[in-house]
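# Residue-level structural notes
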Amino acid sequence: RSDRTGQLSPSEVMAQPSPSTDEARPSATEGPDDPAPSTALQKEAPSIRPIGASSIHRICSGQVVLDLAGAVKELVENALDAGATNIEVRLRDHGQESVEVVDNGCGVKSDDLAMMTKKYATSKIRDFGDLDGLASFGFRGEALSSLCALSDLSVATRTADDDAGTRVEYDAEGNVRSRGVVARAVGTTVTVQNVFVRLPVRRKELARNVKREYGKLLNVLQAYALVAPETRIVCSHQGRGKNAPRQTALNTQGGGSLRAAVATVFGHKTSSAMLEVREDLGEGCGARLAGMVSKASPGCGRGAGDRQFFFVNGRPVDLPKAARVCNETYRQYNQTTSGTPFPCVVLDFRLPTDAYDVNVTPDKRKVLLHGESKVLAGFRAALEKIWSPSRYTYAVAAAGAADGSETTRDDAIGARDAIAGGPSAATPALLPSLARVKREREEDDDGMVVAQPVDVKREPAEDRVRGSAAASAWESFGMGAPSTTNLPTN
């Protein structure tokens, strides 16, 4: 404590901490407003050096081929670009052990075998301007080079001018390791063994989810089977071991018919529930739409959108906005509780080659449309044109003919005209049939209003039924024959 004079006592003076030498003596170079110097060691700025060519090759290759399905996609596209009409994909252990793609295309010239696996070497384009008129699947020259860096690659090929085939093995850098002569027909066989062997993490991920990756691979092959119906595509799988049986997972006939390809890939039931589409999307965008979609009838759709394939000039792409427009329009005209709110879709947007940009992502699945809003508006209008008739079409289950014979389509059309004209025009010969009636009212010459019955059972218009008598046509719905009633007129 201090005494009354404010002076500290000797004991308090001894207890006060003494300032350190650094605090008591400020630096001569330190100003009064300068912060205190940091005690941490200053790191030296790292120097910038170029990455080695080998490391660049491995890094970039992992971005071009992302998964097993991507590897098969690149090989199938090369076969289609070579003009192949028969493509066979052979897998061992779901593709973990090896993937082999065999085609009957034009083959590769002997002089081009060394350059074929080099980075950015291609026969598809020569400069950037060629992208405006691109008509092939590939154009970057990265696929085979990337597969060399990620797996063990070998190629056997022969052209029509060669007397025998040539088999070449490549190293990780894409250089020729060995070369020999083999017996082979015109075409190319590309064998990829131990995919992702040089990327341990991705290799383990493939082994852990091999069944899922195998399913993605089949989905990719289905897309190319649908967009190239003139090409026969076969995919077979063999399990582990030399004596394991080989099973066929996909086998298209290659007859050139889209409906036949849909029936082969998805089954006859799905094919019969789809309509063929050929529509113009308007003058503003210069695009056309071709393919097949599900009918807007109960039971014709699916509970999930797993069978929706979109293409741009024959290239499988992802068009999420077009898929959303398609699903929304389908639900408007197929309001059902059967749990099938998604249509099956196989649609190809045929655009001018300079109206879209495919050089966006390495796998070329994302496409930028220059006039996207016009294309989507025309797409919605085309879908409404296709599906709108089913919204106001009803199947009238009428009785069959008196002799028990089945009604015909001509009878159905005649009955429709008779019903539209009122009861006086409905003769017993025309009533026993299937008729399409619309929700409408018509006035006769006397100002009488004939109210058409609308409480009918909604069924596909193609169904035909048998009955017992013509007079029971209206009684089959629990109602009497239509009658005229005097209604007030304005």
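Residues numbered from 1 in each chain as written. Predicted model: local features only at pLDDT ≥ 70, side-chain atom pairs only at ≥ 80, totals over all residues. Heavy atoms only, no water.

## A short note on the confidence of the model for the chain
- Counting all residues, the mean pLDDT for the chain is 76, and 69% of those residues have values of 70 or more.
- Confidence drops under a pLDDT of 50 for residues 20–24, and excluding neighbours within four residues, the segment shows 0 contacts in the predicted structure.
- Below pLDDT 50 for its whole length, residues 26–30 participates in 2 contacts with residues either more than four positions away or in separate chains. (pLDDT = per-residue confidence, 0-100. Contact = heavy atoms within 4.5 Å.)

## What about the packing of helix α4 (residues 68–81) against helix α7 (residues 210–227)?
- With their axes 8 Å apart at the nearest point, α4 and α7 run at an angle of 25 degrees to one another. One way to sum up the angle between α4 and α7 is to call them roughly parallel. Between α4 and α7 lies a crossing of right-handed hand. In this structure, α4 uses Leu 68, Ala 69, Val 72, Lys 73, Val 76, Glu 77 and Leu 80 to contact α7, whose residues at the interface are Glu 213, Lys 216, Leu 217, Val 220, Leu 221 and Tyr 224.
- Its residues assigned to classes, the contact of α4 with α7 shows 9 nonpolar, no polar and 4 charged. (Axes fitted to C-alpha atoms, helices over the stretch in contact; angles between N-to-C directions. Helix = DSSP H or I, 4+ residues; strand = E, 2+ residues; numbered from the N terminus. Parallel < 35°, antiparallel > 145°, perpendicular 65-115°, else oblique. Left-handed = near helix turned anticlockwise from the far one by under 90°. Nonpolar A, V, L, I, M, F, W, Y, C, P; charged D, E, K, R; others polar.)

## Observations regarding the sheet that holds strand β6 (residues 187–193)
- The mixed open sheet is built from 8 strands, whose spatial order is β5-β4-β3-β6-β2-β1-β7-β8. Two strands bound the open sheet, and with one partner strand each, they are β5 (176–182) and β8 (246–251). Mean inter-strand twist for the sheet, computed between neighbouring axes without regard to direction, equals 15 degrees.
- Alignment of strand β4 (residues 165–170) against β5, held across 6 bridges, turns out to be antiparallel. The residue bridging Glu 169 from the neighbouring strand is Ser 178, located in β5.
- Against the sheet, α4 engages β1 (86–92), β2 (98–103) and β6, with an angle of about 155 degrees to β1. (Pairing = 2+ DSSP bridges.)

## With respect to unusual backbone geometry
- Of note, His 94 is a non-glycine position whose phi angle comes to about 60 degrees, a positive value.
- Summarising the element assignment, His 94 is placed in the loop between β1 and β2.
- The class of His 94 is buried, set by a relative accessible area of 14%.
- Located in the positive-phi region is Asn 194, a residue other than glycine, with phi close to 55 degrees.
- Relative to the helices and strands, Asn 194 resides in the loop between β6 and α6 (200–208). (Buried < 20%, exposed > 50% of the residue type's maximum accessible area, 1.4 Å probe, protein only.)

## Observations concerning a negative patch on the surface
- A surface patch of negative charge is lined by Asp 127, Asp 130, Asp 132 and Asp 354.
- Here Asp 127 is to be found in the loop between β2 and α5 (143–150). (Patch = residues over 30% accessible without salt bridge, like charges linked within 9 Å, V, L, I, M, F, W, Y side chains within 5 Å. Areas by Shrake-Rupley, 256 points an atom, 1.4 Å probe, with all protein chains shown as cover. Salt bridge = Lys/Arg side-chain N within 4 Å of Asp/Glu carboxyl O. Lys, Arg positive; Asp, Glu negative; His and termini not counted. Charge placed at Lys NZ, Arg CZ, Asp CG, Glu CD.)

## Some remarks on the packing of aromatic side chains
- The final tally for this structure, using the stated rule, is 4 aromatic pairs.
- Taken together, a centroid distance of 5.0 Å and an interplanar angle of 70 degrees make the contact between Tyr 330 and Trp 387 edge-to-face. Taken as a pair, Tyr 330 in helix α10 (residues 320–333) and Trp 387 in helix α11 (residues 372–387) lie far apart in primary sequence, 57 residues in all.
- The class for Trp 387 is buried, based on a relative accessible area of 0%.
- Ring geometry for Phe 349 versus Phe 379: centroids 5.1 Å apart, planes at 65 degrees, classification edge-to-face. In this pair, Phe 349 sits in strand β13 (residues 345–350) while Phe 379 sits in helix α11, placing the two residues 30 residues apart along the sequence. Phe 379 carries the same exposure label as Phe 349, and that label is buried.
- Sitting over the ring of Phe 342, Arg 331 keeps its end group 4.9 Å from the ring centre. (Phe/Tyr/Trp six-rings, centres within 6.5 Å; stacked < 30°, edge-to-face > 60°. Lys NZ or Arg CZ within 6 Å of the ring centre and 35° of its normal.)

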